[in-house]
Amino acid sequence: MEKKGTSVFSNSLIWFGAGVSIAEILTGTYFAPLGFGKAMAAILLGHLIGGLMMFAAGMIGGREKKSAMETVKMSFGSKGSLLFAALNVLQLVGWTAIMIYDGALAANGILKTGAWVWAVVIGVLIVVWILIGITDLGLINKIVMTALFLLSVVLCAVIFGGGSAVGGDLGEAMSFGAAVELAVAMPLSWLPLISDYTCEAEKPFAATLASTLTYGVISCWMYVIGMGAAIFTGEGDIAAIMVKAGLGVAALLILVLSTVTTTFLDAYSAGISAESLWSRLNGKKTAVVVTVIGTVGAILFPMDDITGFLYLIGSVFAPMIAIQIVNFFVLKQDHFADAVNGRNLLVWLVGFAAYRYLMGIDLPLGNTLPDMLITGVLCWAVNRLCKAAA
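Residues numbered from 1 in each chain as written. Predicted model: local features only at pLDDT ≥ 70, side-chain atom pairs only at ≥ 80, totals over all residues. Heavy atoms only, no water.

Engineer: With reference to specific residues and values, describe the overall build of the protein chain.
Structural biologist: When helices and strands are tallied, the protein chain shows 16 helices and 0 strands. Taking 2.2 N^0.38 as the reference for a compact globule, 390 residues should give roughly 21 Å; the C-alpha atoms of the protein chain span a radius of gyration of 20 Å, in line with that estimate. Here the C-alpha coordinates of the protein chain stretch approximately 70 × 50 × 40 Å along the principal axes. Contacts spanning at least 24 positions in sequence make up 87% of the contacts within the protein chain whose residues lie at least 6 apart. Per element, the accessible surface of the protein chain, about 15500 Å² overall, is 70% carbon and sulfur. Both charge centroids of the protein chain, one from 20 positive and one from 22 negative side chains, sit 10 Å from each other. (Helix = DSSP H or I, 4+ residues; strand = E, 2+ residues; numbered from the N terminus. Rg over C-alpha atoms; globule rule 2.2 N^0.38 Å. Contact = heavy atoms within 4.5 Å. Areas by Shrake-Rupley, 256 points an atom, 1.4 Å probe, with all protein chains shown as cover. Lys, Arg positive; Asp, Glu negative; His and termini not counted. Charge placed at Lys NZ, Arg CZ, Asp CG, Glu CD.)

Spelled out as C-alpha cells, the structure:
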C-alpha cells in the first residue's frame, strides 16, 4: 500500500506547533529595549528574510521528495553532506535540550514540583508524539493546536491589556542589525528540518508555502508576546506573568504543550538526519534516544542564554542553504551521485568564515542576508568558471 502523503492543513498545524514556543517568547524579551516600533520592524524584517530561505529549502525537498539532509547531497555529494548531517544532529540535540530546559523551568515556576520532574514529563510526552508518528497525529494535533491558539490569545490579552508601558530600565538595547539577525535566527534554525516534512506532502508547493507563512506569522506573534511582556508588564518571566494573571492550569497547558509540539520536530528530524549518517539507524528509535539525551541534558546543565548558539547555527546553515538555492534553482545541478563536491564545500567554508567575520560589523540588515549573497554569488562564479575551464 502506498504511504499516504500529508495534507496542506496538517503541515500548517505542524508549523503552528513549531512557532508556539517558550524559546521564541524568551528571545522576544531581548527586543524590548529597542522600543515597540523599532523592535517590531526588526522582528518583521528578520522573519521575512528567514522565511524566504525557509520556503526555498522546503521547496527543494518537496519537489525532489527527499528529506532535508538528502537534499544537501544534491549540492555537496553523498559523503560531503555527512558534515552537515552530523552538525544538524548536534544542533537538534542541543535544541531538544534547550526547549525541554526552558519548558521545565517555566512549568516549575507555576507548579513547583522540581524542574527535573517537569523535564521528565515533557520528555515522556515528546516520546509519545514520536511513537504516534507524523502522519497519524491528525486529530491530536487539531485538538492541541486549537488549545494552544486559544491560550496564546488569552496570554496576549493579559500582557497587552494594560495598554501602557511600565517604564523603567529595560536593559541595554542591541543595535537594529543585531536585532534583525536575532529575528532571522529562529526560522534559520528550521532550514535543515523543513524538507523532512514537505517531502511527504501531497501538494509540495502549497504545503511549503502554508508551512512557511504559518510558522512566520506565529513566530512573529511569539516574539511580540515576549517583547510586550517586558515593555508592558516589566516582567521577562512568562511563568510569573501567567501566575499573576491567575491562569493556573491554562498556563501549564501553554507551557507544556508548546514545548512538546516544538521539540517533537527537533527530535524527529534528528532521527531522520541520523539515518543519512548511517542507513542502519531507525529514525523513530533514534528520535527517542535524542529525546532522552535532551531530557538528561536539560536536567544537568543550565541553558539560559542561547544567543551564541543561535549565531553558531546561522554561521553553519546560512551559507549551506545559499549554495543549495544557487545549485538547485540557478545552476540546476545535481551532485547526489558524487561522493564529494569539493568546490561547493570550499565555497561553504568561505561563507562560514565570512559570517563569523561579519558578526563583528554592525550591519543594518544583520549578517545572514549579506553572507548569503556573498556565498551565493561565489558559488555561481566558481561553478561557472570550472565549467568553462573543463
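Engineer: Can you lay out the pattern of salt bridges for me, pointing to particular residues and giving the numbers?
Structural biologist: The final tally for this structure, using the stated rule, is 1 salt bridge. Notably, a salt bridge pairs K73 with E70, separated by 3.0 Å at the nearest N-O pair. Here E70 and K73 lie together in helix α4 (residues 68-76), a separation of 3 residues that amounts to about one turn. Among the residues examined, K73 registers a relative accessible area of 12% and is labelled buried. A relative accessible area of 21% means that E70 is categorised as partly exposed. (Salt bridge = Lys/Arg side-chain N within 4 Å of Asp/Glu carboxyl O. Buried < 20%, exposed > 50% of the residue type's maximum accessible area, 1.4 Å probe, protein only.)

Engineer: Any chance you could break down unusual backbone geometry for me, citing the residues and the numbers?
Structural biologist: Positive phi outside glycine occurs at K65, with the angle close to 55°. If you trace the backbone, K65 turns up in the loop between α3 (36-64) and α4. Classification of K65 as partly exposed rests on a relative accessible area of 45%. Its identity as a non-glycine residue notwithstanding, K332 has a phi of 55°, on the positive side. Considering the arrangement of structural elements, one finds K332 in the loop between α14 (307-330) and α15 (342-358). Among the residues examined, K332 registers a relative accessible area of 65% and is labelled exposed.

Engineer: Describe a nonpolar patch on the surface, and please don't skip the residues or the numbers.
Structural biologist: On the surface, W116, V120, V124, V128, V292, V296, I299, L300 and F301 cluster together into a nonpolar patch covering about 820 Å² of accessible area. Only α6 (115-132) and α13 (283-300) provide two or more residues apiece to the nonpolar patch. Within the secondary structure, V124 sits in helix α6. Judged by its relative accessible area of 47%, V124 is partly exposed. (Patch = residues over 30% accessible without salt bridge, like charges linked within 9 Å, V, L, I, M, F, W, Y side chains within 5 Å.)

Engineer: Mind laying out the side chain of T263, listing which residues take part and the relevant values?
Structural biologist: Relative to the helices and strands, T263 is located in helix α12 (residues 249-277). At a separation of 2.6 Å, a polar atom in the side chain of T263 contacts the main-chain carbonyl oxygen of T259. When near neighbours in sequence (up to four residues on either side) are disregarded, T263 contacts T96, M99, I100 and I126. (Polar contact = N/O pair within 3.5 Å; in protein donor to acceptor, adjacent residues only side chain to side chain.)

Engineer: Mind laying out the side chain of D266, listing which residues take part and the relevant values?
Structural biologist: One can find D266 in helix α12. Despite its burial, D266 remains without a salt bridge, the nearest opposite charge being carried by K284 at 18 Å. Beyond its immediate stretch of four places on either side in the chain, D266 contacts L92, W95, T96, M99, W190 and L193.

Engineer: Can you tell me about helix α2 (residues 22-29), naming the residues and giving the values?
Structural biologist: Extensive coverage of α2 is indicated by the burial of 7 of its 8 residues. Within α2, burial applies to I22, A23, E24, I25, T27, G28 and T29. Two to three positions downstream of the cap, the backbone nitrogen of A23 sits 3.1 Å from a side-chain oxygen, assigning the N-cap of α2 to S21.

Engineer: Give me the nonpolar core: which residues, what numbers.
Structural biologist: Membership of the largest hydrophobic core comes to 113 residues, with the highest contact counts inside it found for W15, F31 and W95. In terms of residue count, helix α5 (residues 82-110) provides more of this core than any other element does, 14 residues in total. (Core = buried A, V, L, I, M, F, W, Y, C linked by side-chain atoms within 4.5 Å.)

Engineer: Describe the environment of A97, naming the residues involved and giving the relevant values.
Structural biologist: When you line up the elements, A97 lands in helix α5. Remark: the alpha-carbon pair of A97 and G114, spanning 17 residues in sequence, is separated by 17 Å. Beyond its immediate chain neighbours, meaning those up to four positions away, A97 contacts G294, A298 and M303.

Engineer: I'd love a proper account of α5, names of residues and values included.
Structural biologist: Along an α-helix, residues three or four apart share an orientation, since each turn contains 3.6 residues. The end-to-end C-alpha distance of α5, which contains 29 residues, comes to 42 Å, matching closely the 42 Å that a straight helix rising 1.5 Å per residue would cover. For α5, the buried fraction is high: 21 of the 29 residues fall into the buried class. (Expected span 1.5 Å × (residues − 1).)

Engineer: Tell me about the packing of α5 against α12, and please be specific about residues and values.
Structural biologist: Orientation of α5 relative to α12, taken along the N-to-C sense of each, is 165°, at an axis distance of 8 Å. When the axis of α5 is compared with that of α12, the two are roughly antiparallel. Relative to α12, the crossing made by α5 is left-handed. Residue composition of the contact of α5 with α12, grouped by class: 19 nonpolar, 9 polar and 1 charged. (Axes fitted to C-alpha atoms, helices over the stretch in contact; angles between N-to-C directions. Parallel < 35°, antiparallel > 145°, perpendicular 65-115°, else oblique. Left-handed = near helix turned anticlockwise from the far one by under 90°. Nonpolar A, V, L, I, M, F, W, Y, C, P; charged D, E, K, R; others polar.)

Engineer: Can you lay out the environment of L191 for me, pointing to particular residues and giving the numbers?
Structural biologist: Structurally, the position occupied by L191 is in the loop between α8 (176-189) and α9 (195-198). Separated by 123 residues in the primary sequence, L191 and A68 place their C-alpha atoms 8.2 Å from one another.

Engineer: Let's hear about the environment of I238: which residues, and what values?
Structural biologist: Secondary-structure assignment places I238 in helix α11 (residues 238-244). Between the alpha carbons of I238 and S10 there is a distance of 28 Å; along the sequence they are 228 residues apart. Every residue in contact with I238, bar those within four places of it in the chain, is listed here: I25, L155 and A229.

Engineer: Summarise the packing of helix α1 (residues 8-19) against α12; cite the residues concerned and give the values.
Structural biologist: Between α1 and α12, the least distance of the axes is 7 Å, while the angle of their chain directions is 115°. Comparing the axis directions of α1 and α12 gives the class roughly perpendicular. Considering only the axes of α1 and α12, their crossing is left-handed. Between α1 and α12, the residues in contact are I14, W15, G17 and A18 and S258, T261, T262 and L265, respectively. Residues that form the contact of α1 with α12 fall into these classes: 4 nonpolar, 4 polar and no charged.

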